[in-house]
Structure formats: structure tokens, C-alpha cells
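Secondary and tertiary structure notes
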Amino acid sequence: MKKISGAEAIIRCLISEDVDVLFGYPGGAIMPVYDELYKFQKELNHVLVRHEQGATHAAQGYARSSGKVGVAIATSGPGATNLVTGIADAQIDSTPMVCITGQVASYLLGSDAFQETDIIGISTPVTKWNYQITKASEISEVISKAFYIAKSGRPGPVLIDITKDAQFDMIEGFEYKKCINIRSYTPTPKFDKSVILDAVKLINKSKKPLIVWGQGVILGNAEPEFKDFVEKSGIPAAWTILGVSAISTNHELNVGMVGMHGNYGPNVLTNQCDLLIAIGMRFDDRVTGDLKSYAKQAKIIHFEIDPAEVDKNVKVELAVIGDVKQTLKEILPHVKKRKHVSWVNNFRELNKIEFDKVIDQEYNKQHGGLSMAEVIKSINENTDGNSILVTDVGQHQMVACRYMNFNKSKSNITSGGLGTMGFALPAALGAKIGDPEREVIAVIGDGGFQMTIQELGTIFQTSSAVKIVILNNEYLGMVRQWQQLFFDKRYASTEMTNPDFVTISKGYFIDSKRVSKRKDLNSSIKQMLSHDGPYLLEVCVEKEDNVFPMIPSGSSVSDIRLE
Amino acid sequence: MKKTTYTISIYTENNVGLLNRVSQIFLKRHINIVSITSSESEIPDIFRFVIVVNVSKEQVAKLVKQIEKQIEVISVFYHTDKQTIFLETALYKVKSSSLFEEKQIQNIIKDSRANIVTVKPAFFVIEKTGWRSETEDLYEKLKPYGLLQFVRSGRISVTKKSMEISKILNNK
Ligand SMILES: Cc1ncc(C[n+]2csc(CCOP(=O)(O)OP(=O)(O)O)c2C)c(N)n1
Ligand SMILES: [Mg+2]
């Protein structure tokens, strides 16, 4: 029988899992695998990033635009540790990802060998599962488990560490069976019919119900079921930052974002509703503000796939545990068709206050320096709501997610739970590769851009047509805002003396332009969008703008400030 | 919130690294592990951790869900002391001379139902299995005679009611 090396087995496993692209960076302990990648380059595209952190974020962007598992690969030691931020990000945002790291030969383990780090130990708290392979014979079974675990149930990152000798060893009779079951693991708990009926009772008799949905709707591919539920029940629905785009921005029952920089209506009315229906979200503290005064008057129903999320932060009346696609489908026939006209109007009225005080001022700004909101407005006006928005972390992120128009699901890719600056540029590259037909627009701050700026090299090398918008306020804006509001304007180390981003971009052979005048904004956005290939547009915006509304940390959602 | 002693029983696939995964869950929440033991269970190839913690009911419920979520964990249960039969074992190493010179020590051993495991020319070893209060009590009593070494195991426990782990496995 033909023998193959462990390294070849790894590649064959990936191909069997329908992997078409890997994001990675080579080095000593993973060289046997790279040697095989050379042989299999027709079947498997390898994207050479410029830093392993970029590989993880690109894999995340890929996963979130395509719905498939993203794959990142790196060498041992520093290669592996450079993956950790992205793994932690994928863990907290439930992104399906498999990371493969090389490791020193098994007989060297524990000897502090060159480039040996205990990546299993390091990654344990931030992975859904991890495993070290020391024998080639384990490869097939372990990799199939890795993919199964990464994508099933509540998705998450898995790390497989493979010693160099296991990559070199020859094995006989390679065969790949997709993993379909692990006896100690229940990815999708079965839902309980009686719980569904209890939920129906609460929903049908509620007078002022509010839905808050999160990314679970998107991860569960439950957008149609969700929309049916919202429309039939007539219940106003608000989103968390990772949930947005599951239904379109302009849907009449979409009442905006909850949380720290969310909209006025849904935040204030969280503390007035009589029933809060949480769907595929986990009551992050950025969503709930002070827990002691969060929706205390309301009964809460939690639709959730992960039992560990139930009662973790907020005690609920009823937990509908299971896959939301199934539970929402099950509930639909029992839900009364209703319209909550005056209740929905409450949201509109409050959101109108926000419009007058905040939105109109910045979105429709006429004088003075450019606002971030205007830039998003111009993007909205020049796209059809079908592009993918990738954002970094900071003020620009909040503004972009608040104002962007979405018509299609899987359109908002951002680092939510971890708030990882440097996420957007590599994630945008991954998103474009994951769904090449769609326009991918990355909106990034001047600070975060410089955290993974080197990935311009990857974008150039792969000619990925991502559009990069740098909202340059010459500040670590979000931190400066907190300094202004809560630290008496002591701007400790938040002002940035920036390089010339346009020139840097040119250095990477990516066309670029800087705009700072209102009259040039729209034409510049048009030029960027009509450009064939990657493009960088630097927009110089007002330096000391603040993002409002805002729930100061530790405050109640209903104490949201408009100024 | 009221703290209670809970015994957490974790049934797992035998797996390197799982101990790390489980202890991280406690570490992350600053929860002190009072004791921890691991051994085979009644089912072949399935291991059982017994972890004792002193926390509120709410906390233990959350901990158990986080542990249960780990891929190689089959099932997790938690119980109060009333619901379990539990023991710890302690070993006391004492100078042999005290055994012969101090008559009193023989009474202490007898009264506390401890056993002498071995007697060597230089030292002897006493074993006591029981509740924490009992091994502590013996510790206090032996202390005046000069303890050369003392060590106590973590708690092992079985529940009064069945845990039906085989049933859970068969349904998976
Ligand atoms: C890796 C990392 N380091 C630090 C922070 C803290 N942080 C949050 S927002 C922010 C400022 C971001 O500045 P910039 O990228 O310019 O965006 P802006 O807020 O100005 O739009 C900082 C430093 C973070 N989120 N991530
Ligand atoms: Mg900035």
C-alpha cells in the first residue's frame, strides 16, 4: 500500500474538508507541511500574510463572509503565539476557525528546544478545543474532529499543534472520515416542546415586547425564520453589534442597536418593555450596562444554543435552549399575528429625539470638519446596501455600524467581544476571499490601521479588491473620548503623529487618495468604489468628535446620554 | 451570597490537558479549589474528577455549565455534603521514640480510630481516613509529639443517589 507523510495527510484532510484557502506564514517546525502545499498548490490556495495575527483575522473574515471554517497555519514558538489574539477574538465572537501550528519534534518536547512554546497550554483558555498530535497516525481523526468541533453548535476556534516528526513520519492506508459525532459533546441541544409552548404563552400575552437579537441568528442561518417571527409577532427588534444585517436596516420593525453606543429608543425602552426576547445573544456588559438596573421590570425569554450562556449574566424567566433555526420555526405557527402600533411608535419617537440631537447633526452635517457619519452616508449613497462592512475598533467602528445600511446578512464583520484593534485590514482581506463577488469596504481608524498595516502587502500580493477607508482623526479617538468625558480631558498618550498613509499605500502599489473637504468626499468615495482592485481612501475627519448616544460604563441602559 | 461546600463530579474521556482546561475555569473566576482528585470511574476508559469548592449555589451552577461545555467532558454533577458520602485520607509521620516513650500517643491513635501503617526504627506512620474535622483533630493531638510529616488527600466521594452516567453515554 502507498505510504504518505504526515504532512501530506494534513493537506489531504484539509482538501477533504473542502478547504480552499489557508492563511499562514512558514517557519521551521511547519516546513514539511509547506513543502506539501507547494505540491498541492492547484488544490489549495495559501495566502502568505505578513504577520500571523493577520492570518487569524483573515481566517475570521473569511469564515464570517463565507459561513465556512477559516483556516490559519503557522510555525511553532513565535508563529504560534502570534496567533493568540485572533484565536481569543474568534472564541469570544464564536467564529469557526481551525489553526494549525507546527511544533518541535516530539522527542524534544519539554526541553526548551529552539522555538518550543507550550501553545496548547497558552491557547487552552481561548479555544473551544485544542490538541497536540505527536504521531502521524492521529492526523486524520484529529483534524476531522477539529473541523467538526469548530463549526458545529456554537462555533469557535480549534488549535491543532503538530510535532515536526509527526509531519515527517510515513503512514500507510490513509483514509479520511468526516467526524459526525463525539460522544462527550452535544453541539445542538434538543429543544423541549413544552418550553416552546411556555414561550408562546408569554409572547402572545405580552403588551410591550422587545426582541434583542445577536449573531446567533446569523451563525444559525436562521435569518428567514427570524424575519418571519418578527413580522408575524409584530414585535420591535433591536440588534447587538454582531447581530446587525440579519434583517435589513430599513425593515419597519428594526428599531436599532442596543448597548453602549446603541440607539436611544431600544436602550431606554429595554427598561420599559414587559417581555424581552433575547435571541442568539449573550448579554455582554457592553449591551446591558449596569445589570442591577437592566430590564428588571421585564420577563426575559432567552433563545440560545449554549446552555452555559443561560442565567450567566442575566437571570431569565424562560430559556429556549436549542438551534434558533429550529426553535424559531417551531414557535412561528403558535405566535399570534399582531401589530404593536403604539408600542413601536414609542421607539420611533425616542429615536426621533436621537435623530434631532445627534444623527442629523453628524450624518447631515453641512459646515466645519468632516464627520465620520458623513463618510458612511456617502458610502450608503454609492452602494446598494449589499456590500460587506469590515470595521476595526474605536469611534469609527461605532459610527460605521450605527449608520451603515444593510440589505443582506453576513454583511457586518467586526471584532465585537474582544475589541481587537488591527482586526479590520486582515479581516477585510479574508472576507473578500471568502465572498469575492461582494464589495468589501473596510472602515478603519488611524490607530488600528497601524496595528496590522503590514497586511497591505498581502492585499497587494493577492490583488484582493478591498476598499480601505481610513477615518483619520489623529487620535486614538475612543480612548480620547473617555479621557474627555471621565478624566477631565487629560489626553494621556492618545494623540498620534501619523505617517502619510497615502504614500505608504503607494509604497505597497495600492492606489490611494486623501480627502479632507466636504465637496470632494462623494466623488472620492465614487472613485474608490469604481476602482478596479484594492484602493485606500484616507479621510481626514474632525479630530475631537465624540460618539453619542453613550451609556457611561456602570450606568443603566436607560441613563443613556445624548450629549 | 451564602457559600456552601459543593462536591463537583466530572466524568470525562481520558485526556491529557483536560485538567488544565478544567482548572482554568476556576482560575479565571478566582475560585479557590479546596481539593481535587482524579481517578478511573466505574466505567472503563472514563475518568472522574472530584473537585470541592466553597461557593454560592449560583456560582456552582455556572461553574458546572462552563465545565460541561468542554468537549471531552461527558457530564458534570454537583452535590452538597448531605447528598454524598465523602472521605479524605491523612498520613502522619511521627518519631518512633514517641510511640514507646509516650504512652498517651497509643491512646490517641486508638481513640481516633486511626491505623498504624508502618513502624520503622526511626519513625512510624499513622493513617486516618474520615472527615476533614477528624483528620484535623488528630493533627492537633499529634502535634505536641512532633510531626515529622503530614499530608492529606483530596476528597473522594460517592453520591447517595445514582448518577446514571452510563445512561447518559448510551443516549449520546
Ligand atoms: C489591541 C488593542 N489595544 C488597545 C485597545 C484600546 N482601544 C480601544 S479603541 C482605541 C482607539 C482606537 O483608535 P483609532 O484606531 O484611531 O480609532 P478611533 O477611535 O479614533 O476611530 C483603543 C486604543 C484595543 N481595543 N485594542
Ligand atoms: Mg483615530
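Residues numbered from 1 in each chain as written. Chains lettered and ligands numbered in written order. Predicted model: local features only at pLDDT ≥ 70, side-chain atom pairs only at ≥ 80, totals over all residues. Heavy atoms only, no water.

Scanning chain A from terminus to terminus reveals 23 helices and 20 strands. Over its C-alpha trace chain A gives a radius of gyration of 24 Å, about what one expects of a compact globule, namely 24 Å for 563 residues. Considering only contacts in chain A between residues 6 or more positions apart, those separated by 24 or more positions represent 77%. When the accessible surface of chain A is totalled, it reaches about 21300 Å², and 51% of it is carbon and sulfur. Where the 61 positive side-chain charges of chain A centre and where its 65 negative ones centre are 5 Å apart. (Helix = DSSP H or I, 4+ residues; strand = E, 2+ residues; numbered from the N terminus. Rg over C-alpha atoms; globule rule 2.2 N^0.38 Å. Contact = heavy atoms within 4.5 Å. Areas by Shrake-Rupley, 256 points an atom, 1.4 Å probe, with all protein chains shown as cover. Lys, Arg positive; Asp, Glu negative; His and termini not counted. Charge placed at Lys NZ, Arg CZ, Asp CG, Glu CD.)

With that settled, the discussion passes to the nonpolar core. All names here are of chain A. In terms of nonpolar packing, the biggest core is built from 98 residues, with Ile211, Trp213, Phe226, Ile279 and Val539 touching the most fellow members. The element that contributes the greatest number of residues to this core is helix α15 (residues 341–363), accounting for seven residues. What Val539 contacts, discounting residues up to four positions off in sequence, is Leu370, Val375, Val469, Ile470, Leu471, Asn472, Val515 and Leu521. With 44 residues, the next largest nonpolar core counts Tyr62, Ile87, Ala424 and Ile444 among its residues. (Core = buried A, V, L, I, M, F, W, Y, C linked by side-chain atoms within 4.5 Å. Buried < 20%, exposed > 50% of the residue type's maximum accessible area, 1.4 Å probe, protein only.)

Time to look at the site of ligand 1. All names here are of chain A. Near ligand 1, the surroundings consist of 18 residues, among which Gln395, His396, Gly419, Gly448 and Gly477 are the closest. With respect to ligand 1, the side chain of Asp446 contributes an N or O atom lying 2.8 Å from an oxygen atom. Between Asn473 and ligand 1, the recorded distance is 2.9 Å, taken from a side-chain N or O atom to an oxygen atom. Notes on ligand 1: free accessible area 590 Å², of which the protein chains cover 76%. Elements supplying a minimum of two residues to the shell around ligand 1: α17 (395–403), α19 (446–449) and α21 (477–486). (Near = heavy atom within 4 Å. Polar contact = N/O pair within 3.5 Å; in protein donor to acceptor, adjacent residues only side chain to side chain.)

Residues and elements named next belong to chain A. For the magnesium ion (ligand 2), the protein coordination sphere consists of Asp446 (OD), Asn473 (OD1) and Tyr475 (O), at 2.0 to 2.1 Å. Look at where the donors of the magnesium ion (ligand 2) fall in the sequence and you get D-x26-N-x1-Y. Of this pair, Asp446 sits in helix α19 while Asn473 sits in the loop between β18 (467–472) and α21; the two residues are 27 residues apart in sequence, bridging distant segments of the chain. Of the two residues, Asp446 and Asn473, both sit in the buried class. (Donors = N, O, S within 2.8 Å, 3.2 Å for Na, K, Ca; no water.)

On to the domain arrangement of chain B. Assigned domains of chain B: these are domain 1 (4–84) and domain 2 (85–152). Between the C-alpha centres of domain 1 of chain B and domain 2 of chain B the distance comes to 31 Å. (Domains from an automatic or database assignment.)

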